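Now for the letters of each chain:
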Amino acid sequence: MSEMRGAVSIARQYPVRARLEAWELPEGTVPQSVPHDHAAEHLRRVLDAFAARSPRSLFVARELAVRWLEERPAVGIDPDVCVLEPAPPNPERLSSLCLWKPGHRAPSFAVEVVSQNHPYKDYAAIQDRYAACGAQELCVFDPLLAGPASLGGPVPLQLWRRDALGQLALVHFGSDPVFSEVLEAWLVPSDALLEVADDRAGKLRWLTGEEKAVAEMEHERAEKERERAEKERERAEKERHQAARLDLERRVAELEALSRK
């Protein structure tokens, strides 16, 4: 496991008994803080732009209920952000993801932003439900470092990944970037936001659709400015050559006039 802090850090693995009553989704929406919503919405927009440009069949959702027991439909989990691959039928009309329905599959990548009001849940409770539903990767992002010290935290970033045995295992717990096999990119904590990038340093970060549009406008503006400057340079060069030619013609004419005297 990458970046377990301190020489005495350990990892444990043990079976967990499903507590279906505790896994039931609450009625209504749960209020979230501005930092929590900002981090989740930023990541949704980044992943939306990724899904739009990717040849893969992807759909990105926010707070979509994921249910996996047809006989207990109240049992579920609602990721702050999740990536569905392949995209389910008519994804824009989804009210919840029901894994017993055709075309409905567990999230390949899910994100939970740690809540200041319920940090223990994000450090110790939600992982069981993601293991049960079949998610491939779970990222837990703690932008405000609200996690409890009693559970080894706080750390900005956790990554859980399903291993060859089908178990959801903790593969990263710390502040360094970590590579997501599902996204084929790096997850990079950056202050209150979690960035996704093609490089570990985060210099080649993925842009939201809005950021990409602005970047393209800036590139177009810079390209037009470059073309304008190039035309101005060509015009000035042409004028310089014309001036030099006229000066040469003037001098030749003066010499011819002197030779005729």
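Shown above is the structure to which this text applies.
Residues numbered from 1 in each chain as written. Predicted model: local features only at pLDDT ≥ 70, side-chain atom pairs only at ≥ 80, totals over all residues. Heavy atoms only, no water.

**Points about helix α1 (residues 34–53)**
Working step 1: With 20 residues, α1 extends 29 Å between its outermost C-alpha atoms, agreeing within 8% with the 28 Å of an ideal straight helix rising 1.5 Å per residue.
Working step 2: Inspection of α1 places His-36, Ala-39, Ala-40, Glu-41, His-42, Leu-43, Val-46, Leu-47, Ala-49, Phe-50 and Ala-51 among the buried residues, and these make up the whole buried set.
Working step 3: Where α1 begins, one side-chain oxygen reaches toward the backbone nitrogen of His-36, 3.3 Å away; that side chain belongs to Ser-33. (Helix = DSSP H or I, 4+ residues; strand = E, 2+ residues; numbered from the N terminus. Expected span 1.5 Å × (residues − 1). Buried < 20%, exposed > 50% of the residue type's maximum accessible area, 1.4 Å probe, protein only. Polar contact = N/O pair within 3.5 Å; in protein donor to acceptor, adjacent residues only side chain to side chain.)

**What to know about the sheet that holds strand β2 (residues 65–67)**
Working step 1: Taking strand neighbours across the sheet as the criterion, the three strands line up as β3-β2-β5 in an open arrangement whose pairing is mixed. Looking at which strands have only one partner, the edges of the open sheet turn out to be β3 (76–77) and β5 (96–98).
Working step 2: Where β2 meets β5, three bridges bridge the pair, whose relative direction is parallel. Residue pairing across strands places Arg-67 opposite Cys-98, the latter belonging to β5. (Pairing = 2+ DSSP bridges.)

**Some details on the nonpolar core**
Working step 1: Core analysis: the largest hydrophobic core is formed by 27 residues, its most contacted members being Trp-68, Leu-99 and Tyr-130.
Working step 2: Those elements that place two or more of their residues in this core are β1 (59–61), β4 (81–84), α2 (119–133), β7 (137–141) and β9 (168–174).
Working step 3: Once residues lying within four places of it in the same chain are set aside, the contact partners of Leu-99 are Val-66, Arg-67, Trp-68, His-104, Arg-105, Ala-106 and Cys-133.
Working step 4: In terms of nonpolar packing, the next biggest core, distinct from the first, is built from 26 residues, Val-81, Leu-157, Leu-159 and Trp-206 among them. (Core = buried A, V, L, I, M, F, W, Y, C linked by side-chain atoms within 4.5 Å. Contact = heavy atoms within 4.5 Å.)

**Considering the environment of Phe-59**
Working step 1: Structurally, the position occupied by Phe-59 is in strand β1.
Working step 2: The contacts of Phe-59, once residues within four sequence positions are left out, are Cys-82, Val-83, Leu-84, Ala-87, Pro-88, Pro-91 and Glu-92.

**As for the side chain of Ser-180**
Working step 1: Locating Ser-180 in the fold gives a position in strand β10 (residues 178–180).
Working step 2: Within the structure, Ser-180 has its side chain in polar contact with the backbone nitrogen of Val-182 (distance 3.4 Å).
Working step 3: Ignoring anything within four residues of it in the chain, the contact list for Ser-180 reads Phe-109, Glu-137, Arg-161, Ala-185 and Leu-187.

**Considering the pattern of salt bridges**
Working step 1: Taken as a whole and judged by the stated rule, the model has 22 salt bridges.
Working step 2: Between Glu-63 and Arg-62 there is a salt bridge, with its nearest N and O atoms 3.5 Å apart.
Working step 3: Of the charged contacts in the structure, one is a salt bridge between Asp-247 and Arg-250, with a shortest N-O distance of 2.6 Å. With Asp-247 and Arg-250 both in helix α3 (residues 209–260) and three residues apart, the pair spans about one turn of that helix.
Working step 4: Each of the salt bridges in this network shares a partner with another, and the network as a whole consists of Asp-37, Glu-41, Arg-44, Arg-45, Asp-48, Arg-62 and Glu-63. (Salt bridge = Lys/Arg side-chain N within 4 Å of Asp/Glu carboxyl O.)

**Comments concerning the pairing of strand β8 (residues 157–162)**
Working step 1: Of all the six residues making up β8, six are buried; the element is thus mostly covered by neighbouring parts of the structure.
Working step 2: Here β8 shows no split at all, with Leu-157, Leu-159 and Arg-161 on one side and Gln-158, Trp-160 and Arg-162 on the other all buried.
Working step 3: Where β7 lies against β8, five bridges are found, and the strand directions are antiparallel. Counterpart to Cys-139 in the pairing with β8 is Leu-159.

**A few points about α2**
Working step 1: Here α2 spans 21 Å end to end across 15 residues, near enough to the 21 Å set by a 1.5 Å rise per residue.
Working step 2: Within the sequence span of α2, burial applies to Pro-119, Asp-122, Tyr-123, Ile-126, Gln-127, Asp-128, Arg-129, Tyr-130 and Cys-133.
Working step 3: In this structure, the buried side of α2 is in contact with β3, β6 (109–113), β7, β8 and β9.
Working step 4: Once α2 ends, the next one or two residues include Gly-134, with phi positive near 100 degrees.

**Quick notes on the environment of Ala-257**
Working step 1: Within the secondary structure, Ala-257 is located in helix α3.
Working step 2: Separated by 62 residues in the primary sequence, Ala-257 and Glu-195 have C-alpha atoms spaced 77 Å apart.

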